[in-house]
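Spelled out, the chains give:
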Amino acid sequence: RLVLAGPDPASVADDPEGRDAFERLREKYMLLAPEMQRDIAILSLPMTSRKLNALMVNALQRASVIVVQNSIREGFGLTLTEAMWKGTPVLGNTRAAGLRQQVRDRVDGRMVEDPEDRAALAAALDEMLAAPGDLDHWAKSAQRRVYDEFLVFTQLRKWLEVLAE
C-alpha cells in the first residue's frame, strides 16, 4: 500500500501551494482504476490537535516499510529523523539542504539527486523494496545516527564544546 500523508492544506499558512497540490493529487487519484485506488490512501492529517496529529504520524512511521520525504526545500526534516529514530528506512533527496545533512546515501537510507525526477525516485524505491537486508541495515544505521547526532543531549554537548573553546 502507498500512503500519501501530509498536513491539512487549509491549516498551513506558509504553504500557499498546498491546496492546489492536494487538489491535483486528488484529481489524479480519481482517474486511477478502482483496483489501484484500493492500494493507495491519501491522508490529510489534522493540525488542530497536536496530540491526534502526533499519534497518527507515529503510527504511520512505525507501520511503514519506507518513509519518503521528497521536499524541494527543507530545513531539518523532522519527518525523516523521527522515522530514522523508529528504525524505519528513509528516502530523501540531496537538493533539500536539511535532508542531505541527515541521511547518508546507502548508509542510513537512500537519497536521490533531483526531487522532481520521478523515474529516479521510483527506481530508488524499487531498489529499496527489492533489498530487505539493506533495509534492515539502513534502519539500524539510521537509528544510531539519530542517537549519535540529533538528540538534544548531543546538541547540548556540541554547544558546550564550542563554549569551552
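Residues numbered from 1 in each chain as written. Predicted model: local features only at pLDDT ≥ 70, side-chain atom pairs only at ≥ 80, totals over all residues. Heavy atoms only, no water.

Caption draft 1: Focus on the pattern of salt bridges. Evaluated as defined, the whole model comprises 11 salt bridges. Among the salt bridges present, the one from Arg95 reaches Asp114, with a minimum N-O distance of 2.9 Å. Linking Arg95 in the loop between strand E4 (90-93) and helix H5 (97-102) with Asp114 in the loop between strand E5 (109-112) and helix H6 (118-129), this pair joins segments that are 19 residues apart in sequence. (Salt bridge = Lys/Arg side-chain N within 4 Å of Asp/Glu carboxyl O. Helix = DSSP H or I, 4+ residues; strand = E, 2+ residues; numbered from the N terminus.)

Caption draft 2: Inspection of the sheet that holds E4 at higher detail. Strand order in the open sheet formed by 3 strands is E3-E4-E5, with parallel pairing between adjacent strands. The open sheet has two edge strands, strand E3 (67-68) and E5, and neither has a second partner. Along the sheet, helix H4 (residues 78-85) contacts E3 and E4; its crossing angle with E4, the most-contacted strand, is approximately 155 degrees. (Pairing = 2+ DSSP bridges. Contact = heavy atoms within 4.5 Å. Axes fitted to C-alpha atoms, helices over the stretch in contact; angles between N-to-C directions.)

Caption draft 3: Looking closely at H6. Taking 1.5 Å as the rise per residue, H6 with 12 residues should run 16 Å; its terminal C-alpha atoms sit 16 Å apart, in good agreement. Within H6 the residues assigned to the buried category are Leu121, Ala124 and Met128. Mapping the buried residues of H6 onto a view down its axis gives an arc of 65 degrees, with all of them on the same face. Facing away from the buried side of H6 by over 90 degrees, the exposed positions are Arg118, Ala119, Asp126 and Leu129. Lining the buried residues of H6 we find E3, E4, E5 and helix H7 (132-149). Backbone nitrogen of Ala119 and a side-chain oxygen of the N-cap are separated by 3.2 Å at the start of H6; the cap is Asp117. (Expected span 1.5 Å × (residues − 1). Buried < 20%, exposed > 50% of the residue type's maximum accessible area, 1.4 Å probe, protein only. Arc of directions from axis to C-beta. Polar contact = N/O pair within 3.5 Å; in protein donor to acceptor, adjacent residues only side chain to side chain.)

Caption draft 4: Up close: the packing of H7 against helix H8 (residues 152-164). Running from N to C, H7 and H8 point in directions that differ by 40 degrees, and their axes come no closer than 6 Å. Considered as vectors, H7 and H8 are oriented oblique to each other. Side by side, H7 and H8 meet where Tyr147, Asp148 and Glu149 of the first sit next to Thr154, Gln155, Arg157 and Lys158 of the second. The residue inventory of the contact of H7 with H8, partitioned by class, reads 1 nonpolar, 2 polar and 4 charged. (Parallel < 35°, antiparallel > 145°, perpendicular 65-115°, else oblique. Nonpolar A, V, L, I, M, F, W, Y, C, P; charged D, E, K, R; others polar.)

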